[in-house]
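A structural walkthrough
In case you want the letters, here they are:
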Amino acid sequence: MDIKMMLDPDDQMRKELEAMGIRDAQDSEYEIRRRGKGLRYLLGRKEDQQFYISVEDIIFIESMGHDILIHTRDDIYNTSERLKNLEVILDPDKFLRISNSVIVNLKQIKRIESSLMQKFILHMTSGSKVYVTRGYYYIFRDRLGI
């Protein structure tokens, strides 16, 4: 049987499933995942290779059309996960959705710049800029206590 496993490579549940003959298949109609604080890695692709990306290394995740891109300091990876799913499985103490197309790692924000029309511009540690849109302005402001 094949199941999409959103589990870290060293997760005990993954080991037990694999010992029972269950394989990790990204295109399976079934999935198993750990929510929130227990997740340490995301599966990403670059060209034809798969990588386990440490959650701590993620600067931000963005949706561009049908592609979901994971930005780290060193590289950009694709993932097959939807932004909505990533929002659920990532630790809410460390990650926050700031627009319909972006989730940021709060620990990777270098500077917050106020902008017109209830918006913020976030300067990330990688040098990238991302925008908190009006729809997420109060959520962001309340979360950071601004």
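Here we summarise the structure given alongside this text.

What counts and how
- Here the residue numbering is sequential within each chain, running from 1 through the sequence in written order.
- Only residues with pLDDT of at least 70 are given local features in this predicted model, and only at 80 or more are side-chain atom pairs given and counted; all residues enter the totals for whole chains, interfaces and linings.
- The side-chain figures draw on all heavy atoms in the structure; neither hydrogens nor water molecules are used.
- Following DSSP output, two strands are said to pair if at least two bridges run between them.
- Only runs of H or I of at least four residues qualify as helices and only runs of E of at least two qualify as strands under DSSP, and these elements are numbered from the N terminus.
- Exposure above 30% relative accessible area and the absence of a salt bridge qualify a residue for a patch, where like charges join within 9 Å and nonpolar side chains (Val, Leu, Ile, Met, Phe, Trp, Tyr) within 5 Å.
- Values of accessible area rely on a 1.4 Å probe in the Shrake-Rupley scheme; residue burial ignores everything except the protein chains shown.
- Salt bridge, as used here, is a side-chain nitrogen of Lys or Arg placed within 4 Å of a carboxyl oxygen of Asp or Glu.
- Three labels apply to residues, based on accessible area from a 1.4 Å probe with only protein chains included: buried if under 20% of the type maximum, exposed if over 50%, partly exposed otherwise in between.
- Should any heavy atoms of two residues lie within 4.5 Å, those residues are considered in contact.

Okay, the sheet that holds strand E3 (residues 31–33) next. One open sheet accounts for three strands, arranged E2-E1-E3; its pairing is parallel. A single partner strand is all that each edge strand has here, and the edge strands are strand E2 (23–24) and E3. As defined by bridge partners, strand E1 (residues 2–6) adjoins E3 across three bridges and the pair is classed as parallel. Looking at the pairing, Lys 4 lines up with Glu 31 of E3.

A grouping of Ile 112, Leu 144 and Ile 146 is seen on the molecular surface, where their side chains present a nonpolar patch of about 230 Å² in accessible area. In this structure Leu 144 comes out as partly exposed when scored by relative accessible area, which is 32%.

Topologically, Arg 134 is positioned in helix H3 (residues 134–144). Put simply, Arg 134 and His 71 are 63 residues apart on the chain and 23 Å apart in space, counted from C-alpha to C-alpha. Every residue in contact with Arg 134, bar those within four places of it in the chain, is listed here: Met 117, Gln 118 and Lys 119.

The next subject is the pattern of salt bridges. One pass over the structure, following the stated rule, counts ten salt bridges. The residue Arg 40 makes a salt bridge to Asp 10 at a minimum N-O spacing of 2.6 Å. Pair noted here: Arg 40 is in the loop between E3 and strand E4 (41–46) and Asp 10 is in the loop between E1 and helix H1 (12–19), with a separation of 30 residues, a long-range link. Where salt bridges share partners, they join Arg 14, Glu 18 and Asp 24 into one cluster.

By themselves, these observations are geometric and do not establish any function.
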